[in-house]
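# Secondary and tertiary structure notes
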Amino acid sequence: MRIAVLGAGYAGLTLARQLEKELPESAELVVVNDRPDHLVQHELHRVVRRPALADEITVALDDALDRATVRVARVTDVDHEQGVAELDDDQLEYDVAAVCLGAETAFHDLPGVEEQATPLKRLPDAARIREEFLDLDAGGRVVVGGAGLSGVQVAGELTALAREEEIDREVLLLERLDSVAPNFPAAFQEAVREELESRGVVVRTGRAVERATDETIECEHETIDYDQFLWTGGIRGPGALSGERPIVSDTLELGGDTFVVGDAGRVTDADGAAVPASAAAAVREAHSVAGSIVDIVEHDGTDEIFDPRPERFRFDAPGWLVSVGDGAVAQVGPTVFRGTAAKAMKTTVGAGYLSSVGAIANAADLVREELASD
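Since the structure is predicted, the reported quantities are computational estimates derived from the model, not experimental observations.

Definitions and cut-offs
Residues numbered from 1 in each chain as written. Predicted model: local features only at pLDDT ≥ 70, side-chain atom pairs only at ≥ 80, totals over all residues. Heavy atoms only, no water. Phe/Tyr/Trp six-rings, centres within 6.5 Å; stacked < 30°, edge-to-face > 60°. Helix = DSSP H or I, 4+ residues; strand = E, 2+ residues; numbered from the N terminus. Buried < 20%, exposed > 50% of the residue type's maximum accessible area, 1.4 Å probe, protein only. Lys NZ or Arg CZ within 6 Å of the ring centre and 35° of its normal. Pairing = 2+ DSSP bridges. Axes fitted to C-alpha atoms, helices over the stretch in contact; angles between N-to-C directions. Contact = heavy atoms within 4.5 Å. Expected span 1.5 Å × (residues − 1). Parallel < 35°, antiparallel > 145°, perpendicular 65-115°, else oblique. Left-handed = near helix turned anticlockwise from the far one by under 90°. Nonpolar A, V, L, I, M, F, W, Y, C, P; charged D, E, K, R; others polar. 1 Å grid on protein atoms, 1.4 Å probe; cavity = no way out; pocket = protein on both sides within 12 Å on 5 of 7 lines; lining within 4 Å. Points joined across faces, edges and corners; volume = space filled by probe spheres on them. Domains from an automatic or database assignment.

## Points about the packing of aromatic side chains
Pairs of aromatic rings are described using the distance from one ring centre to the other and the angle between the two planes. Going through the model one piece at a time under the given rule, you end up with six aromatic pairs. A centroid spacing of 5.0 Å and a plane angle of 65° characterise the contact between Tyr-10 and Tyr-353, whose relative ring orientation is edge-to-face. Of the two residues, Tyr-10 is situated in helix H1 (residues 10–22) and Tyr-353 in helix H9 (residues 340–356); the sequence distance between them amounts to 343 residues. There is no split in this pair, since Tyr-10 and Tyr-353 are both buried. Taken together, the ring pairs connect Phe-184, Phe-188 and Trp-320 into an aromatic cluster. Looking at Arg-169, its charged tip hangs above the ring of Phe-133, at a distance of 5.6 Å from the centre.

## Notes on the sheet that holds strand E14 (residues 209–212)
Taken in spatial order, the three strands line up as E14-E15-E16 in an open sheet, and their pairing is antiparallel. The open sheet terminates on both sides in strands that have one partner only, identified here as E14 and strand E16 (223–225). Taken pair by pair, the neighbouring strands of this sheet meet at an average axis angle of 25°, ignoring direction. Here strand E15 (residues 216–219) runs beside E16; their pairing, made up of three bridges, is antiparallel. Counted as the bridge partner of Glu-218 is Thr-223 from E16.

## Some words on unusual backbone geometry
Its identity as a non-glycine residue notwithstanding, Glu-166 has a phi of 55°, on the positive side. The topology assignment puts Glu-166 in the loop between helix H6 (149–165) and strand E12 (169–175). Of note, Ala-181 is a non-glycine position whose phi angle comes to about 45°, a positive value. Within the secondary structure layout, Ala-181 lies in the loop between E12 and helix H7 (186–198).

## Quick word on the sheet that holds strand E24 (residues 327–332)
Spatially, E23-E24-E25 is the arrangement adopted by the three strands of the open sheet, whose pairing is antiparallel. The sheet is open, and its two edges are formed by strand E23 (320–324) and strand E25 (335–338), each paired on a single side. Each strand axis lies, on average, 10° off the axis of its neighbour in the sheet, ignoring direction. One ladder, built from four bridges, connects E24 with E25; its direction is antiparallel. The residue of E25 that forms the bridge with Val-329 is Arg-338. The strands that H7 touches are E23, E24 and E25; relative to E24, the one it contacts most, it runs at about 170°. Of the strands in this sheet, E23, E24 and E25 are in contact with H9, which crosses E24 at around 85°.

## Quick look at H7
End to end, H7 covers 18 Å across 13 residues, agreeing with the expected 18 Å (1.5 Å per residue, within 8%). Buried residues of H7: Phe-188, Gln-189, Ala-191, Val-192, Glu-195 and Leu-196, and no others. With its phi angle positive at about 95°, Gly-200 sits one or two positions after the end of H7.

## Focus: the packing of helix H5 (residues 123–135) against H6
Two numbers describe how H5 lies on H6: the axes approach to 11 Å, and their chain directions differ by 50°. Between H5 and H6, the angle falls in the class oblique. By crossing handedness, the relation of H5 to H6 is classed as right-handed. Residues Ile-129, Arg-130, Phe-133 and Leu-134 of H5 touch H6, and the partners they reach there are Leu-158, Leu-161, Ala-162 and Glu-165. Residue classes in the contact of H5 with H6 are distributed as six nonpolar, no polar and two charged.

## Quick look at empty space enclosed by the protein
Applying the stated criterion across every chain, the model contains two cavities of 30 Å³ or more. If you go around the second largest cavity, you meet 13 residues; those closest to its centre are Gly-262, Asp-263, Pro-276, Ala-277 and Glu-285. Elements with a minimum of two residues in the lining of the second largest cavity: strand E22 (266–267) and helix H8 (279–299). Per element, the largest residue contribution to the lining of the second largest cavity is three residues, and it comes from H8. Considering only residue class, the lining of the second largest cavity consists of six nonpolar, three polar and four charged.

## Notes on the domain arrangement of the protein
Domain parsing of the protein yields domain 1 (2–34 + 73–103 + 237–317) and domain 2 (123–234). Between the C-alpha centres of domain 1 and domain 2 there is a distance of 34 Å.

## Here's the deal with H1
Between the first and last C-alpha of H1 there are 19 Å, a value that for 13 residues agrees with the 18 Å anticipated at 1.5 Å per step. In terms of burial, H1 is a largely internal element, eleven of the 13 residues being buried. For H1, the full list of buried residues reads Tyr-10, Ala-11, Gly-12, Leu-13, Thr-14, Leu-15, Ala-16, Arg-17, Gln-18, Leu-19 and Glu-20.

## Focus: the packing of H1 against H8
Put simply, H1 and H8 touch, their axes get as near as 8 Å, and they point 35° apart. In the crossing of H1 with H8, the sense of the turn from one axis to the other is right-handed. Contacts between H1 and H8 involve Tyr-10, Ala-11, Thr-14, Leu-15, Gln-18, Leu-19 and Glu-22 from the first element and Ala-279, Ala-282, Val-283, Ala-286, His-287, Val-289, Ala-290, Ile-293 and Val-294 from the second. A breakdown of the residues in the contact of H1 with H8 according to their chemical character gives twelve nonpolar, three polar and one charged.

## Notes on the pairing of E24
Buried residues dominate E24, accounting for five of its six residues. One ladder, built from five bridges, connects E23 with E24; its direction is antiparallel. Looking at the pairing, Trp-320 lines up with Gln-331 of E24. Counting the residues in the hairpin turn of E23 and E24 gives two residues, including Gly-325, whose phi is positive at 60°. Following E24, the chain reverses through two residues before pairing antiparallel with E25; Gly-333 in that reversal takes a positive phi of roughly 60°.

Laid out in C-alpha cells, this is it:
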C-alpha cells in the first residue's frame, strides 16, 4: 500500500515523521517536495537581516526522515478520485495521500502588484529584499502591503536592519482592514501596533491597495510613492489545486482517501470554528490526519465491513507569537507580553520546532544567533 505525502512544509514533514513511527513496515511511504529540504517558514524574515540564518532554518529531508522515499519534484495536479498525483516529471499513483502543499502569495488580480512587488515565501525572496533595501538612496521608502504576521515581521526586520547599518529608510506598513494582525484578538492587535510604532515602522490601516506602478501605489483616496515594494497581502491555494484552498470538514478529507493538511485547505474544526492558516494549526492537523491514515492502512485487507472513521480535528490555539525586529509580542490565554518575555518565547518556539523535526544542531545555532542579537 502506497501512502503519498505531497509537500514537506510544516504539515507534510510533521505528518511524514509521524507516519514513519506508526505505519506497518509493509506500507510504502513517499514524500514529494519541490526542494530537497524543509524551510522553517516562520523564521524566513530573519534572513533579510541575518543571511547566515539560512543554513539554520533549512533541514535536509534525507536527514529528517528515516524510511520514507523522498522524491524531489513539483506536484502539478491531484486527482483524488483516481488516486493520482501529476508531477512535473512523472505521475505518482497512490492508495492514500495527504496534500500538504501549503499556500502561495495571493495578489488578488490587483493591476501591477504582482509585477512590481516582491513576496516573502522563499530564501531568494529574502536575499532580494535585503539587497534592494541596502541599495536604496538615503531616505528611501519601503512599502509593505499587508499587515498580517508576515508583513509585521518583515517590516520590523527592515527597520532593525536600517538601524544596524545606520542608514536612513522609511518603512511603511499598509493594511486594508482597520487593524494590524487583523485575524487575531484585539489585545494582541493593539500590542503589535504599539511594538511596530515604537521601533519606527509607520503604520497605516484602512488602506486598500488598488493598483501599482513602478513608482506609486494607488489606494482609494491617496497615491503613495515608493522606492521598494513588498507584498504579504494574502494567500491562495497551490497550483496543483488550481490556486484554490478547498473547504474541508474537521476530518480534513478532500475525497476518497485523500486529505488536505495545512494552509492548502480551509478547515472547519470539530467545534465549527474556522482554523487559521498558521504553523501551529498545520502541525496539529498533521498529527490528527496521521491517526486517520494509520487506521486506513491497518484496515486494508481485513474482513471488517465498515471503513474506519477518520479522526475529527479540534484546534485549541496555544497562543500567538510575532517578532518585530529585536522585539516580540506574545499572547498566552488572555495575557499579552512584550519585551524580554515575548522574545524568549519566540526563540523557544523556533528552536523547539527544529528539535521536533530532528534538527538539534540547527536549533542550538538558532538560539545562539537570537541571543547574540540581543
